[in-house]
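As a plain string of letters, each chain reads:
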Amino acid sequence: SEWLAWRLRARGIPTAVAHDPADAHALAGAGLPTCGYDAVFALTVLARVPDVDAFLAALSSLLAPGGRLVVALPLPLRHAVSHHAAINAPAPAGEAAGAPRDVVPLPIRASSWEEAAGEACIALERSGLRVLRLVRAPYLSQGLSLLGTANRPFVLDDAVFVCKRAERGEREDG
């Protein structure tokens with residue numbers, strides 16, 4: 001988010017916000033390299049991107065050997081998160097911004113946090129990542145004015161995944 005980037009820059013940490021990680025212009029425009037990062041963060045964005053697999057592949061390509069991808073996702077995906085995913089997703093070329101469209105959803109249908117986290121692990125590993133750690137992190141959301149919940153905080157449970165690129169021949173269960 002722009003807010004997080006602002007806070008990191010205030011501490012002297014070079015930062016770029018790329019809404020389409022396959023497009024390296026945001027990184028290059030900020031004077032940052034387009035690959036070789038020790039850590040890349042995707043915090044609460046997977047439910048809003050049009051193509052999750054392409055998004056994760058693009059993020060993985062930014063990593064240095066041994067680098068980590070940290071993905072946070074509120075689970076279970078509530079109706080407000082999954083149903084309104086298209087609202088913040090960038091419009092495809094040739095399509096008006098804000099036009100109704102289908103978004104390739106995350107393949108997470110479970111209603112419990114634990115089952116949803118398991119489904120998210122499968123989706124991450126399907127994208128060529130290996131999940132190294134999983135943490136449950138509850139937090140208060142301020143609500144979304146778009147959904148009529150502004151100023152009415154509610155609790156969300158983020159699943160925070162620490163991943164690396166899977167090595168060739170690396171077993172998913174090993």
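Residues numbered from 1 in each chain as written. Predicted model: local features only at pLDDT ≥ 70, side-chain atom pairs only at ≥ 80, totals over all residues. Heavy atoms only, no water.

Asks: Any chance you could explain the environment of Ser 111 here in plain terms?
Replies: In this fold, Ser 111 is placed in the loop between α5 (85-88) and α6 (113-126). For the pair Ser 111 and Pro 76, spaced 35 residues apart in sequence, the C-alpha separation works out to 5.7 Å. (Helix = DSSP H or I, 4+ residues; strand = E, 2+ residues; numbered from the N terminus.)

Asks: I keep staring at helix α3 (residues 52-61) and nothing clicks. Help me out?
Replies: Count 3.6 residues to each turn of an α-helix, and residues three or four apart come out pointing the same way. Along α3, the positions that sit buried rather than exposed are Val 52, Phe 55, Leu 56, Ala 58, Leu 59 and Ser 60. The elements touched by buried residues of α3 are β1 (37-43), β2 (63-75), α6, β3 (129-141) and β4 (154-165). (Buried < 20%, exposed > 50% of the residue type's maximum accessible area, 1.4 Å probe, protein only. Contact = heavy atoms within 4.5 Å.)

Asks: What is the right way to look at the environment of Arg 133 in this model?
Replies: Following the sequence through the fold, Arg 133 ends up in strand β3. Apart from the residues lying within four places of it in its own chain, the contact partners of Arg 133 are Val 160, Phe 161 and Val 162.

Asks: What exactly am I supposed to notice about the sheet that holds β4 here?
Replies: Within a sheet, neighbouring strands are paired by backbone hydrogen bonds and run either parallel or antiparallel to one another. Strand order across the open sheet formed by four strands is β1-β2-β4-β3, with mixed pairing between neighbours. Since the sheet does not close on itself, it has two edges, and those belong to β1 and β3, each with one partner. Each strand of the sheet is rotated relative to its neighbour by a mean of 20 degrees, with strand direction disregarded. Relative to β2, β1 is paired through six bridges, and the arrangement is parallel. What sits directly across from Ala 39, in β2, is Arg 68. (Pairing = 2+ DSSP bridges. Axes fitted to C-alpha atoms, helices over the stretch in contact; angles between N-to-C directions.)

Asks: Any chance you could explain the side chain of Ser 127 here in plain terms?
Replies: Inspection of the secondary structure puts Ser 127 in the loop between α6 and β3. For Ser 127, the contacting residues outside a window of four places in its chain are Asp 53 and Leu 56.

Asks: Mind showing me how you'd approach unusual backbone geometry here?
Replies: The general pattern is negative phi for most residues beyond glycine and trans for most peptide bonds. You will see that Thr 44, though not glycine, has its phi angle at about 55 degrees, which is positive. Within the secondary structure, Thr 44 is located in the loop between β1 and α3.

Asks: Explain α6 to me, please; I cannot follow it from the model alone.
Replies: Relative to the 20 Å expected for 14 residues at 1.5 Å per residue, α6 spans 20 Å between its end C-alpha atoms, a close match to the ideal helical length. For α6, the full list of buried residues reads Trp 113, Ala 116, Ala 117, Ala 120, Cys 121, Ala 123, Leu 124 and Glu 125. (Expected span 1.5 Å × (residues − 1).)

Asks: Could you clarify how one ought to interpret a nonpolar patch on the surface in this entry?
Replies: A cluster of nonpolar residues, Trp 3, Leu 4, Trp 6, Phe 41 and Leu 43, forms a patch on the protein surface that exposes about 590 Å² of accessible area. Of all elements in the fold, only α1 (2-10) and β1 reach the threshold of two or more residues within the nonpolar patch. Sorting elements by how many residues they give to the nonpolar patch places α1 first, with three residues. Within the secondary structure, Phe 41 sits in strand β1. (Patch = residues over 30% accessible without salt bridge, like charges linked within 9 Å, V, L, I, M, F, W, Y side chains within 5 Å. Areas by Shrake-Rupley, 256 points an atom, 1.4 Å probe, with all protein chains shown as cover. Salt bridge = Lys/Arg side-chain N within 4 Å of Asp/Glu carboxyl O.)

Read these as geometric descriptors, not functional statements.
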